[in-house]
Amino acid sequence: MSWPPKYDLSYVPPGSAEHWDKRLETMPPPERDAVILEKLRGQVRYAWERSGFYREFWDDAPVDPANLQSLDEFAQLPILTKEEVRQEQEAHPPYGRFLCVSPEEVYRIHGTSGTTGRPTVFGISRGDWDRISEAHARILWGAGIRPADTVMVAAVFSLYVGSWGALVGAERLGATCFPFGAGAPGQTERAVEWAEMVKPAALYATPSYALYMAETAREMGIDPRTDFAFRVMFFSGEPGASVPATRQAIEDAYGCYVVDQGSMAEMTPWMTNGGCRHLERGMHLWQDIVYTQLVDAETHELTPMGGEGVPVYTHLERESQPMIRYWSGDIARWEMIDCACGRTYPTLTSGIYGREDDMLIIRGQNVFPSRVEDVLRGWDEFGGEFRMVVERERGYLDRLTVQTEVSAGVWAAAGESGPQGLEALRGQVGDTLRRALGVGVSVELKPEGEFERTQFKARRVIDRRE
Ligand SMILES: [Zn+2]
């Protein structure tokens, strides 16, 4: 097999086909391991020969990167962290010595926003861009999107590669693309008007944004179920699409089904954790495009199926800036399940439900904001948005306060007495949260509309501990 693989960019399966590439997607896992190893050997040897960074990084490795013999040998290469990528790029700007093509061969530059430190730069070659579009088309096919569909991308088009990946995948698949964008003042109202007029079948956005768009539509007198025509929504960038209550809220609001996707921008093609149209929750790991290993957060040993760990990702066909054994810092659980789609990939059955650094440790308990979101969205009186405030009492005891909006109707019914009239309700929510989280929680009720609606990645945790 030649590496990197070349794809026929005019190929599209018949619309009735369940799979884009039935052989690759449904082969027995041991056979797939052989496919992965073959691609991995090509990818790792290539990086070893061309990247000054990996040359140094693997210098002490107990295996020969130029001639890997097994997936077990591969697992002995060191894990690469975001911090190491940052330091390398700082020392050798802009790409670090990750770049394995000449700078003139970089076709697109993307990156992280760098809101929490030095941004990370991604140089992407033309060949890689084509392979990204191929991979995303294949995964969108699995999500049930077909060439006759119109795909609306209501997410920001910027350095952030998420929206672009959704766009090129939809283009490659032969769908009608509607790159709407997001983030400008008044743009959500415009999105509602356009979605009503164009009637796209598919939406790419963040889960928070889809909920916000439904709320905006209702305020404008537009019913998201009957006045739009969304059949499928696919999401990345937030865990919500695998949070049962959030997913249900979106499906109920639009009368569509939801597909969760996404790994990390560094790993573009990033939809290689991707649900299918049959999967009720979670994401398949499209292992022959990006190879994902779930490992123990402490020991870095491979997590057995059924266990919880941190996804570590490896490109299998990236010639420009390959990431090999890249530590995501996310937390997920993997299992082999029988999905109606027939794919034989492992599945992150609850999606990505936490990040090591989002995960709050409160009085020794691990608390994930996505769990709080799940409880609140399952509650009839919920007003749509919440915040979690963590403080330290008397210098050593953690205290978690969940500030949650209650729906306008419930708030109004409490009338003049305000929050005091809602005391019983507050008690109920507090009990439910305490049971779900296993830690004590104070609850403050707020009127609907109190908190800013998050259009992008939800930032709902306020940690005031020193
Ligand atoms: Zn499936």
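What you are looking at is a predicted structure, and each value in this text was computed from that prediction instead of being measured.

Engineer: Go over the sheet that holds strand E19 (residues 441-447) with me, naming the residues and quoting the values.
Structural biologist: What the four strands build is an open sheet, ordered E19-E18-E17-E20; its pairing is mixed. This sheet does not close on itself; its edge strands, each paired only once, are E19 and strand E20 (461-463). Each adjacent strand pair in this sheet contributes to an overall mean axis angle of 20°, direction not counted. Bridge count for strand E18 (residues 397-406) against E19 is seven bridges, and the pairing is parallel. Note that in E19 the partner of Thr 404 across the bridge is Leu 445. Docked against the sheet, helix H11 (residues 369-377) engages strand E17 (382-393), E18 and E20, running at close to 140° with respect to E17. Relative to the sheet, helix H13 (residues 423-437) contacts E18 and E19, its axis offset from that of E19 by approximately 135°.

Engineer: Describe in detail the sheet that holds strand E6 (residues 232-235), supporting the description with residues and values.
Structural biologist: If you trace the five strands from one edge of the open sheet to the other, you get E4-E3-E5-E6-E7, paired in parallel fashion. Of all the strands in the sheet, the pair left with one neighbour each is strand E4 (176-179) and strand E7 (257-260). Strand-to-strand twist in this sheet, taken as the mean axis angle between neighbours without regard to direction, amounts to 20°. The pairing of strand E5 (residues 202-205) with E6 spans four bridges and is classified as parallel. Within the sheet, the bridge partner assigned to Tyr 204 lies in E6 and is Phe 234. Here helix H10 (residues 244-254) sits on the sheet in contact with E6 and E7, set at roughly 140° to E7.

Conventions adopted
Residues numbered from 1 in each chain as written. Predicted model: local features only at pLDDT ≥ 70, side-chain atom pairs only at ≥ 80, totals over all residues. Pairing = 2+ DSSP bridges. Helix = DSSP H or I, 4+ residues; strand = E, 2+ residues; numbered from the N terminus. Axes fitted to C-alpha atoms, helices over the stretch in contact; angles between N-to-C directions. Contact = placed C-beta atoms within 7 Å.

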